[in-house]
Amino acid sequence: MVMAQLIVAGKNLGPHPVVVPIRSTEDHRPLPGVTVGDLGPKFGFNAMDNGFLMLNHVRVPRLNLMQRYITVSRQGEVSRPANIDPKVTYGTMVYVRAQIIRIMSQTLARATTIGIRYTSVRRQFAGKSDKPLAPSLESPVLDYGMVQHRLIPLLAQNYAMFATSQAFLQHYEQCMHELNNGDYASLKELHATACALKRWTSDVAVRGIDTCRHVCGGHGFSQFSGLNEFFGNAYPNIIWEGDNYVLSQQTAQFLINQVRALRKGARVEDNQTTRYLRKHLVSGHLPQRPTAWGAAIESLATDATAQLDLLSFRAAAMAAELTDQIDSNGRSWNRSLVSMQRLSDAHSDYIVAAYFRAHIATLPGTSPLLPILNKLATLLFLYVLSQNSSDLFRLPSAAAFTGAQVSRVEELLAAIIEDVREQAVPLVDAFGMSDSRLNSALGRSDGKVYDNYLLWAMQDPLNTQDTGEEVRRVWFDKYIKPVLHSAETSKKNAKL
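If you're wondering where the values come from, they're calculated on a predicted model, not measured in any experiment.

### Points about a nonpolar patch on the surface
On the surface, a nonpolar cluster with roughly 660 Å² of combined accessible area is contributed by Leu462, Val474, Trp475, Phe476, Tyr479, Ile480 and Leu484. Tracing the backbone through its elements, the reader meets leucine 462 in the loop between helix H15 (449-457) and helix H16 (465-485).

### A word on unusual backbone geometry
The phi torsion at histidine 28 lies on the positive side, around 70 degrees, for a residue other than glycine. If you trace the backbone, histidine 28 turns up in the loop between strand E2 (11-18) and strand E3 (34-38). In this structure, serine 397 is a non-glycine residue whose phi angle is positive, near 40 degrees. Following the sequence through the fold, serine 397 ends up in the loop between helix H11 (389-393) and helix H12 (403-421). Judged by its relative accessible area of 52%, serine 397 is exposed.

### Considering the nonpolar core
Core analysis: the largest hydrophobic core is formed by 120 residues, its most contacted members being Phe168, Leu277, Phe356 and Phe401. Looking at this core, the element that brings in the most residues is helix H2 (residues 145-180), giving 16 residues. Leave out the neighbours within four places in its chain, and leucine 277 touches Leu255, Gln258, Val259, Leu262, Ala316 and Ala319. Among the nonpolar cores identified, the runner-up in size contains 8 residues, and Leu6, Val8, Val20 and Leu65 belong to it.

### Points about empty space enclosed by the protein
One pass over the full model with this rule turns up 1 cavity of 30 Å³ or more. By volume, the largest cavity is sized at about 60 Å³. In terms of lining, the largest cavity is formed by Ala304, Gln307, Leu308, Leu311, Ala353, Phe356, Arg357, Ala377, Leu380 and Phe381. Going through the elements one at a time, helix H8 (304-327), helix H9 (337-361) and helix H10 (370-387) are the ones with two or more residues in the lining of the largest cavity. At 4 residues, the largest contribution of residues to the lining of the largest cavity is made by H8. Of the residues belonging to the lining of the largest cavity, the class tally is 8 nonpolar, 1 polar and 1 charged.

### Brief notes about the pairing of E2
Note that strand E1 (residues 2-8) and E2 share 6 bridges and pair antiparallel. Bridged to valine 2 within E2 is valine 18. Counted between consecutive antiparallel strands, the loop separating E1 from E2 contains 2 residues, among which alanine 9 sits at a positive phi close to 55 degrees.

### Considering the environment of glutamate 298
Inspection of the secondary structure puts glutamate 298 in helix H7 (residues 297-300). Sequence spacing of glutamate 298 and valine 2 is 296 residues, and the spatial spacing of their C-alpha atoms is 55 Å. Discounting chain neighbours no more than four positions away, the residues touching glutamate 298 are Arg408 and Leu412. Among the polar contacts made by the side chain of glutamate 298, one reaches the side chain of arginine 408 at a distance of 2.5 Å.

### Concerning H15
Of the residues making up H15, those classed as buried are Val449, Asn452, Tyr453 and Ala457. Looking straight down H15, one finds that the buried residues subtend no more than 135 degrees of arc, so they occupy a single side. Exposed residues lying more than 90 degrees from the buried face of H15 are Asp451 and Leu454. Where H15 is buried, its residues touch helix H1 (90-121).

Cut-off values and rules
- Residues numbered from 1 in each chain as written.
- Predicted model: local features only at pLDDT ≥ 70, side-chain atom pairs only at ≥ 80, totals over all residues.
- Heavy atoms only, no water.
- Patch = residues over 30% accessible without salt bridge, like charges linked within 9 Å, V, L, I, M, F, W, Y side chains within 5 Å.
- Areas by Shrake-Rupley, 256 points an atom, 1.4 Å probe, with all protein chains shown as cover.
- Salt bridge = Lys/Arg side-chain N within 4 Å of Asp/Glu carboxyl O.
- Helix = DSSP H or I, 4+ residues; strand = E, 2+ residues; numbered from the N terminus.
- Buried < 20%, exposed > 50% of the residue type's maximum accessible area, 1.4 Å probe, protein only.
- Core = buried A, V, L, I, M, F, W, Y, C linked by side-chain atoms within 4.5 Å.
- Contact = heavy atoms within 4.5 Å.
- 1 Å grid on protein atoms, 1.4 Å probe; cavity = no way out; pocket = protein on both sides within 12 Å on 5 of 7 lines; lining within 4 Å.
- Points joined across faces, edges and corners; volume = space filled by probe spheres on them.
- Nonpolar A, V, L, I, M, F, W, Y, C, P; charged D, E, K, R; others polar.
- Pairing = 2+ DSSP bridges.
- Polar contact = N/O pair within 3.5 Å; in protein donor to acceptor, adjacent residues only side chain to side chain.
- Arc of directions from axis to C-beta.

What follows is the structure in structure tokens.
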């Protein structure tokens with residue numbers, strides 16, 4: 001299936017899918033004009049064969065064009081079914097990106113399970129953590145603040161990703177139902193949010209897996225950790241189905257277009273994106289007297305609704321600001337690309353938090369899971385603020401945070417990270433990753449990390465009694481012994 005530019009009578013109708021035969025059904029050789037081959041070794045994902053393809057004046061029958069949404073007659077006449085939006089083919093891309101969001105949450109869960117289990121077992125240095133221990137007992141690595149700061153927010157992001165993957169897939173299915181009934185109103189917003197979430201989840205997952213490798217120290221570099229394979233297989237997700245830096249432009253373009261429509265008084269569709277733009281902008285412009293969000297950080301940290309309002313206000317303010325820069329100040333698209341990355345991430349931060357909070361709200365009020373899940377959601381919120389403090393300083397007028405308020409955010413974040421650490425191991429156990437799926441000596445559910453690591457190492461042919469001893473005997477006789485026992489060596493030693 002080749003996505004090719006469909007050009008009829010000199011008019012480019014955009015990319016459309018075309019079935020292109022590659023090899024002969026008689027002898028499996030490439031057909032005329034087709035050059036095809038394997039790409040060779042890759043950084044990871046080597047269980048999948050990837051190839052290159054070159055087509056040189058290859059002709060296929062007209063009916064090889066997929067014609068559900070467009071038809072080209074023998075006479076070259078183009079027609080489309082009534083009430084069909086040409087962008088309906090985005091549906092396939094959105095579905096694949098929805099699957100990437102789901103896969104990334106599962107892949108990251110494997111990494112966080114290994115990282116948190118190992119650092120809770122691994123002990124190093126006595127008297128360095130804040131927890132009182134016997135003088136002779138060293139502290140678990142997970143008790144150190146720097147390790148907690150790297151792993152615990154990742155755990156919160158992981159839980160939010162699971163909620164997001166389920167909620168977005170439901171959103172996708174609802175939109176597809178509407179599309180099949182001829183209603184295309186939700187398509188553009190669905191595509192823009194899919195771009196943003198694919199970028200956000202794959203970035204978090206790839207960097208998160210690498211973080212888990214780092215916190216495992218030297219053992220994280222071993223193939224027995226399992227993390228190196230995860231990293232190599234997950235890495236392509238930031239590139240395929242749309243490079244993440246390119247996808248952010250799709251999201252930013254949609255947000256800018258919605259702001260422009262609000263400023264013109266034009267009709268905009270009602271969806272989760274336009275609702276927060278309408279809520280925080282006045283006819284597409286920033287309000288003169290915005291909420292002073294940083295005035296009471298403690299209450300903000302306990303108010304889920306206020307947290308979502310601040311995250312959505314941040315995204316709306318950035319969308320309005322970027323629209324001003326482009327439309328009023330003449331900033332070029334190219335010079336706006338960095339701002340578009342930030343805007344896409346701000347939009348994702350809100351959408352992920354909103355999905356997570358909605359997912360938590362489905363639990364009964366008496367659920368014993370609510371306290372820890374609410375802590376994770378608040379932790380995620382504070383982590384977003386701490387990682388994007390420049391955005392808080394840049395909020396308009398009274399909404400802008402002060403340095404003291406940002407410092408208080410960091411203090412609250414450190415406290416809740418330390419609190420959640422106490423349940424970190426049960427939280428990753430809840431992912432339900434079996435030892436066989438983890439394929440890691442470090443992430444064993446029984447905690448016997450070093451026993452299993454040694455067991456795996458002893459299965460190496462160089463460490464087995466028969467094979468290893470024979471190999472070493474040959475090496476010694478051929479390379480080492482002649483050097484140790486040569487006459488020339490003896491004379492040099494005598495002179496010394």
